[in-house]
Amino acid sequence: MQQLNQLVAFGHSAVDVEGNRTNQGDGLILGSYVNAAIQQKHAPMTHYMGHFGTSKGGIGTAPFLRLNLNGERFMNEDQGGQAVQNQLEAQPERKCWTIFDSTWAESVPYFQAMHGCPSYVVDKPTPENLTIDGISPYIMPDAVEDAVAQKNATMFKAETIDELLALTDIRDKEKAKASIERYNELARNGEDVDFGKVATRLHTIEKGPFYTFESGMSMTLIVAGGLVSDEDCHVYDKEGKIIPGLYVAGNIQGNRYHVAYPIACKGISHSLCMFYGYIAGENAVKQI
């Protein structure tokens, strides 16, 4: 049991009123006492969050050009954090470099409102657009310069593409330059025939200075899984039979997600907890 506790301990923790951690797999342990089956294909929640590192708002997951360490573009960048993270899993050393130019502020209003992506540029934050849980829906005009100037900065700036690429650990600089030119060609033509990015979010990288930052694997927030269950909140044993009198709802409920947590569905975790909490309670009372 101690090993299971260690396996399910993540950085995103919670505690009860006595200060004891509450996300240590207790539900799985209790289920194991009655031979409950545990979902075998868990869905990781490892959201790519791009670049946050300034009180003036960050570029975040803004869908600018991303190149892997081979200097190759590898995806339609206009995706939510989990989808980007899934693509990064398959890249060399599981990381990439995001590249954009001095016209970035003109691009932001075209980006879709998605997890971690700034949607508008403001001169001064207001109560309506303040940061929520460290994620800014806005970005201030000098945010990128502020990020570059920070001590131990993770945002880099150069006057030319060659100088910019020299600041990265991209292995094939010539291929990277070719990838940037190809991206510019697609943007000028107004059609991304390579990966299908929406044309209004496809912007050239031509006007210096140029900027870049490195991204890699994000911290796993949770691994969504639990006891094998069904839509009536029954729990199944390892032989595939319903365990009489046992019902499950919330984060301990298995079979909610497969492959990945779908962040495109806003409020999905809370809504499932509320709906299936009701179902579990009703079925428990009726013993059905």
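What counts, and where the lines are drawn
Residues numbered from 1 in each chain as written. Predicted model: local features only at pLDDT ≥ 70, side-chain atom pairs only at ≥ 80, totals over all residues. Heavy atoms only, no water. pLDDT = per-residue confidence, 0-100. Contact = heavy atoms within 4.5 Å. Salt bridge = Lys/Arg side-chain N within 4 Å of Asp/Glu carboxyl O. Helix = DSSP H or I, 4+ residues; strand = E, 2+ residues; numbered from the N terminus. 1 Å grid on protein atoms, 1.4 Å probe; cavity = no way out; pocket = protein on both sides within 12 Å on 5 of 7 lines; lining within 4 Å. Points joined across faces, edges and corners; volume = space filled by probe spheres on them. Nonpolar A, V, L, I, M, F, W, Y, C, P; charged D, E, K, R; others polar. Pairing = 2+ DSSP bridges. Expected span 1.5 Å × (residues − 1). Phe/Tyr/Trp six-rings, centres within 6.5 Å; stacked < 30°, edge-to-face > 60°. Buried < 20%, exposed > 50% of the residue type's maximum accessible area, 1.4 Å probe, protein only. Core = buried A, V, L, I, M, F, W, Y, C linked by side-chain atoms within 4.5 Å.

Q: Go over the confidence of the model for the protein with me, naming the residues and quoting the values.
A: Across the protein, the average pLDDT comes to 86, with 90% of residues at 70 or higher. Here residues 1-10 is modelled with pLDDT under 50, and outside its nearest four sequence neighbours on either side it reaches 17 contacts, counting other chains as well.

Q: Could you give an account of the pattern of salt bridges, with specific residues and numbers?
A: Side chains that carry opposite charge are capable of pairing whenever their charged atoms lie near each other. Within this structure, the stated rule accounts for 18 salt bridges. In this structure, the salt-bridge partner of Arg188 is Glu181, at a minimum N-O distance of 2.7 Å. Across the pair Lys286 and Glu282 runs a salt bridge, and its minimum N-O distance is 3.7 Å. One end of the pair is Lys286 and the other is Glu282, both in helix H8 (residues 268-286) and four residues apart, which spans about a single turn. Among the charged side chains, a salt-bridge network with shared partners connects Glu93, Lys95, Asp169, Arg171 and Glu214.

Q: Could you give an account of empty space enclosed by the protein, naming the residues involved and the relevant values?
A: Where empty space is left can be seen by rolling a probe of water-molecule size over the atoms. Overall, the coordinates contain one cavity of 30 Å³ or more when judged by the stated rule. Around the largest cavity, the lining is made up of 13 residues, and of these Phe64, Ser107, His203, Thr204 and Ile205 lie nearest the centre. For the lining of the largest cavity, the class distribution of residues is seven nonpolar, four polar and two charged.

Q: Tell me about the pairing of strand E10 (residues 242-247), and name the residues and values.
A: Direction of pairing for strand E9 (residues 234-236) relative to E10: antiparallel, over a ladder of two bridges. Residue pairing in the sheet places Tyr236 in a bridge with Ile242 of E10. Remark: five residues form the turn of the hairpin made by E9 and E10, two consecutive strands paired antiparallel; Gly240 in that turn has positive phi of roughly 85°.

Q: With reference to specific residues and values, describe H8.
A: Over its 19 residues, H8 runs 27 Å from end to end, which matches the ideal 27 Å to within 8%, given 1.5 Å per residue. Buried residues along H8 sit in contact with E10.

Q: Please give an account of the packing of aromatic side chains that cites residues and values.
A: This structure, assessed with the given rule, holds five aromatic pairs. With 5.6 Å between their ring centres and 15° between their planes, Phe100 and Tyr211 make a pair best called stacked. Here Tyr211 lies in strand E7 (residues 210-215) and Phe100 lies in strand E3 (residues 96-101), a separation of 111 residues in the sequence. The two residues Phe100 and Tyr211 agree in class, both being buried.

Q: Outline the nonpolar core, supporting the account with residue identities and numerical values.
A: One finds Ile59, Phe64, Phe100, Trp104, Val144 and Met155 to be the most contacted residues of the largest nonpolar core, which totals 22 residues. Those elements that place two or more of their residues in this core are helix H3 (81-88), E3, helix H5 (143-149) and E7. With three residues, the single largest contributor to this core is H5. In this view, Val144 contacts Ile59, Phe100, Trp104, Met155 and Tyr211; residues no more than four positions away in its chain are not counted. One finds Leu67, Leu165, Ile170 and Tyr183 within the second-largest nonpolar core, a separate group that totals 18 residues.

Q: Account for the environment of Pro44, with residues named and values stated.
A: Structurally, Pro44 is set in strand E1 (residues 43-45). For the pair Pro44 and Ala260, spaced 216 residues apart in sequence, the C-alpha separation works out to 5.6 Å. Every residue in contact with Pro44, bar those within four places of it in the chain, is listed here: Gln82, Ile222, Val223, Val259, Ala260 and Tyr261.

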